[in-house]
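Coordinate analysis (summary)
This is what each chain is made of:
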Number of protein chains: 2
Amino acid sequence: VRIGLFDSGIGGLTVLVELIKKFPKADFVYLGDTARLPYGNKAPETLRRYTDENIQFLESQAVDLVIIACHSASTIALETTQTPSGLPLFNMIAPSANQALMCTKNKRIGVMATKATTRSQIYPKYFNTLEKGVQVISQECPLLVPLVEEELTQDELTTLILKRYLKPLLSEKADVIILGCTHYPILKTPIAAICPEGTQLIDPAEALANTIPIVESLATGSGRLEIYLTDHSPHFIEQAHHLLGDSSQATFLFPET
Amino acid sequence: VRIGLFDSGIGGLTVLVELIKKFPKADFVYLGDTARLPYGNKAPETLRRYTDENIQFLESQAVDLVIIACHSASTIALETTQTPSGLPLFNMIAPSANQALMCTKNKRIGVMATKATTRSQIYPKYFNTLEKGVQVISQECPLLVPLVEEELTQDELTTLILKRYLKPLLSEKADVIILGCTHYPILKTPIAAICPEGTQLIDPAEALANTIPIVESLATGSGRLEIYLTDHSPHFIEQAHHLLGDSSQATFLFPET
């Protein structure tokens, strides 16, 4: 089986890592739209255009299912469960929201996300369809993606910024926090260090991987990984080796050039 | 006369502001390629493609001259002085480099810039063609654009990051520092506060405006301003009103949608 997924940059690699753990024999096609990154500050119309183009590209690579491994892009496709040619389509929003709802005791759920995701109000809307009485405390975290891209995950700067972003979530006593951008699991340790003990952090990559059913066809393949990048990004390639491990046999390809 | 200029986002507005001051009667066409911003972390091949497309767009708007109001894009067009159809083409690199050379006493010039500009080595190469013996101290400042976009210019975070970026420039005793990205003049005050007295900061927007000759044709027009954006960005429009002043009569247009 060939699993297709896309993100604007490296964030979706956290999803890829979880999927490889679960389906080590599957083949993967990853599209990083690095020429147009980031997606988190783009308007809905633009995200729709990029998402349509990326899905079309993955379909042209003969994949069997498509995962939108980016929360900002997922906001415009929450209700779309099939690609234009009928392949199963998964997004990042529903899995972590469902998991958060199972975990919360006080029904106060915090969401850290990009501007695009936060302003779409996708989480409050989704929770509202599932269960009344859930209070969502949303926080835009626009500086986290640049900090992760700069590999400053252990830096005092990052701690300072995280404290600022977490303050409203913690003062509103959120007992579950959704890391609502595929970059954020990389910051799980410094985020956990700031939160009170017992606060549950939802890793959207794990949540997504848990929703893909283990069917026989997903256990087939040769474990190949093709990574397509729309910009020649040495930074992406370096980070990919770091996140995937040196043993990964990824082939990098550049469709636009 | 119609002056065309482009940048990935709001940075080029600092250039536009200087040009309007100098040529208040001219008409301006500004293209903000917000759908693909930022440019500062993209590869040279991608920057070339975007620059070619943007120049072509401005030519189609019947402008009389074109300014690449983005340093990262300027790095790939330093030696190009005409557009494909023969219009005069200006870039951001040469004006501030020339001014820095006139101002430095110890021939140690600091350059703060994006990754794309720094890694292109454009400033050291350019200085080398002008005069031997200039020492260029370059510093990538990838977090400054996100901080300016978040309007955190007065924030302790920004001071902390600026101190870090300025450290190598100041310890190497640069007496002139080029603010080598059109966003950075917005940070001139906090940068000046960290530098020793007498350090000269080169504002590239001013330097560029000074290189456009005051000819009679530039004094004609009706003072119109058209701003084209490739992404529907309320943030850009808000920032444009802030930077240009409420009295500016800008028309916003969206060519892609």
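Residues numbered from 1 in each chain as written. Chains lettered and ligands numbered in written order. Predicted model: local features only at pLDDT ≥ 70, side-chain atom pairs only at ≥ 80, totals over all residues. Heavy atoms only, no water.

A word on the overall build of chain A. Counting its secondary structure elements, chain A contains 11 helices and 10 strands. For chain A, the C-alpha radius of gyration of 17 Å lies close to 18 Å, the compact-globule estimate for 257 residues. If you line up chain A on its principal axes, its C-alpha atoms span 45 × 40 × 35 Å. In chain A, which comprises 257 residues, the proportion classed as buried is 58%. If you take every contact in chain A between residues at least 6 apart in sequence, the share linking residues at least 24 apart comes to 75%. Averaged over its 21 positive side-chain charges, chain A has a centre that lies 8 Å from the centre of its 28 negative ones. (Helix = DSSP H or I, 4+ residues; strand = E, 2+ residues; numbered from the N terminus. Rg over C-alpha atoms; globule rule 2.2 N^0.38 Å. Buried < 20%, exposed > 50% of the residue type's maximum accessible area, 1.4 Å probe, protein only. Contact = heavy atoms within 4.5 Å. Lys, Arg positive; Asp, Glu negative; His and termini not counted. Charge placed at Lys NZ, Arg CZ, Asp CG, Glu CD.)

Attention now moves to the packing of helix H1 (residues 13-22) of chain A against helix H10 (residues 204-211) of chain A. All names here are of chain A. Remark: H1 packs on H10, axes separated minimally by 8 Å, with the N-to-C direction vectors making an angle of 40°. In terms of axis orientation, H1 runs oblique to H10. In this structure, the crossing between H1 and H10 has a hand that is right-handed. Of the residues in H10, those touching H1 at Thr14, Val15, Glu18, Leu19 and Lys22 are Ala205, Glu206, Leu208, Ala209 and Asn210. (Axes fitted to C-alpha atoms, helices over the stretch in contact; angles between N-to-C directions. Parallel < 35°, antiparallel > 145°, perpendicular 65-115°, else oblique. Left-handed = near helix turned anticlockwise from the far one by under 90°.)

Moving on: the layout of surface pockets. All names here are of chain B. Size it by volume and the second largest pocket reaches roughly 260 Å³. Around the second largest pocket, the lining residues are Ile10, Val148, Glu151, Thr153, Gln154, Ile186, Thr189, Pro190, Gln239, His242 and Leu243. Breaking the lining of the second largest pocket down by element, the ones donating at least two residues are helix H9 (188-194) and helix H11 (234-244). Looking at the lining of the second largest pocket element by element, the count peaks at three residues for H11. (1 Å grid on protein atoms, 1.4 Å probe; cavity = no way out; pocket = protein on both sides within 12 Å on 5 of 7 lines; lining within 4 Å. Points joined across faces, edges and corners; volume = space filled by probe spheres on them.)

A few words now on the nonpolar core. Grouped together as the largest cluster of nonpolar side chains are 105 residues, with contacts concentrated most on Leu19(A), Met112(A), Leu144(A), Leu19(B), Met112(B) and Leu144(B). Setting aside residues up to four positions removed in sequence, Leu144(A) forms contacts with Met112(A), Ile161(A), Leu162(A), Tyr165(A), Tyr184(A) and Leu187(A). (Core = buried A, V, L, I, M, F, W, Y, C linked by side-chain atoms within 4.5 Å.)

With an omega dihedral of -10°, the bond running from Leu37(A) to Pro38(A) counts as a cis peptide bond. The topology assignment puts Pro38(A) in the loop between strand S2 (27-32) and helix H2 (44-60). Positive phi, close to 55°, is recorded for Lys107(B), a residue that is not glycine. The topology assignment puts Lys107(B) in the loop between helix H4 (93-103) and strand S5 (108-113). For Lys173(B), which is not glycine, the phi dihedral falls at a positive 60°. Mapped onto the elements of the fold, Lys173(B) is located in the loop between helix H8 (156-171) and strand S7 (176-180). Lys173(B) gets classed as exposed once you look at its relative accessible area, which sits at 58%.

A word on the sheet that holds strand S8 (residues 200-202) of chain A. Residues and elements named next belong to chain A. If you trace the four strands from one edge of the open sheet to the other, you get S6-S5-S7-S8, paired in parallel fashion. Taken across any chain shown, the strands that pair with only one partner, and hence form the sheet edges, are strand S6 (135-140) and S8. Going across the sheet, the axis of each strand differs from the next one's by a mean of 20°, ignoring polarity. The strands touched by helix H8 (residues 156-171) are strand S5 (108-113), S6 and strand S7 (176-180); relative to S6, the strand with the most contacts, the crossing angle is about 165°. (Pairing = 2+ DSSP bridges.)

Moving on: the sheet that holds S7(B). Residue and element names in this part refer to chain B. Pairing is parallel in the open sheet, where four strands are placed in the order S6-S5-S7-S8. Every interior strand has two partners, whereas the edge strands, strand S6 (135-140) and strand S8 (200-202), have only one. Each strand axis lies, on average, 20° off the axis of its neighbour in the sheet, ignoring direction.

We now examine the relation of the copies chain B and chain A. Taken as rigid bodies, chain B and chain A are interconverted by a rotation of 180° and an axial shift of 0.0 Å, the fit giving an RMSD of 0.0 Å. The operation mapping one copy onto its partner corresponds to a two-fold rotation axis. No C-alpha of chain B lies nearer the rotation axis than that of Arg36(B), which sits 2.3 Å from it. (Least-squares fit on C-alpha atoms with pLDDT ≥ 70 in both.)

Residues and elements named next belong to chain B. Side chains Ala250 and Phe252 of strand S10 (residues 250-253) all project onto a buried face; the interleaved residues Thr251 and Leu253 project onto a face where none is buried. Where strand S9 (residues 225-229) meets S10, four bridges bridge the pair, whose relative direction is parallel. In the strand pairing of S10, Leu225 is matched with Ala250.

A word on helix H10 (residues 204-211) of chain B. Along H10(B), the residues that are buried comprise Pro204(B), Ala205(B), Ala207(B), Leu208(B) and Ala209(B). With a side-chain oxygen lying 2.9 Å from the backbone nitrogen of Ala205(B), the N-terminal cap of H10(B) falls on Asp203(B). (Polar contact = N/O pair within 3.5 Å; in protein donor to acceptor, adjacent residues only side chain to side chain.)

Glancing now at the side chain of Ser96(A). Residues and elements named next belong to chain A. Locating Ser96 in the fold gives a position in helix H4 (residues 93-103). Looking at Ser96, the relative accessible area reads 0%, which means it is buried. Residues within four places of Ser96 in sequence aside, it is in contact with Tyr123, Ile178, Ile202, Pro204 and Ala207.

Moving on: the interface of chain B and chain A. By a widespread convention, an interface's size corresponds to the accessible area lost as its parts come together. Facing 29 residues of chain B, the contacting portion of chain A comprises 29 residues. Counting the surface lost from both chain B and chain A, the interface buries some 2400 Å², and carbon and sulfur atoms represent 55% of this. The salt bridge partner of Glu150(A) is Lys115(B), with a shortest N-O separation of 3.3 Å. The set of elements that each furnish at least two residues to the side of chain B that touches chain A consists of helix H2 (44-60), helix H7 (144-149) and H8 of chain B. Here the side of chain B that touches chain A gets five residues from one element, more than from any other, and that element is H8(B). Tallied by class, the residues present in the side of chain B that touches chain A amount to 13 nonpolar, five polar and 11 charged. (Buried area = accessible area lost by both parts, 1.4 Å probe. Salt bridge = Lys/Arg side-chain N within 4 Å of Asp/Glu carboxyl O. Nonpolar A, V, L, I, M, F, W, Y, C, P; charged D, E, K, R; others polar.)

Residue and element names in this part refer to chain B. Direction vectors running N to C along H4 and H10 enclose 100°, while the axes themselves pass 8 Å from each other. Considered as vectors, H4 and H10 are oriented roughly perpendicular to each other. On H10, the residues that touch Pro95, Ser96 and Gln99 of H4 are Pro204, Ala207, Leu208 and Thr211. When grouped by side-chain class, the residues that make up the contact of H4 with H10 number four nonpolar, three polar and no charged.

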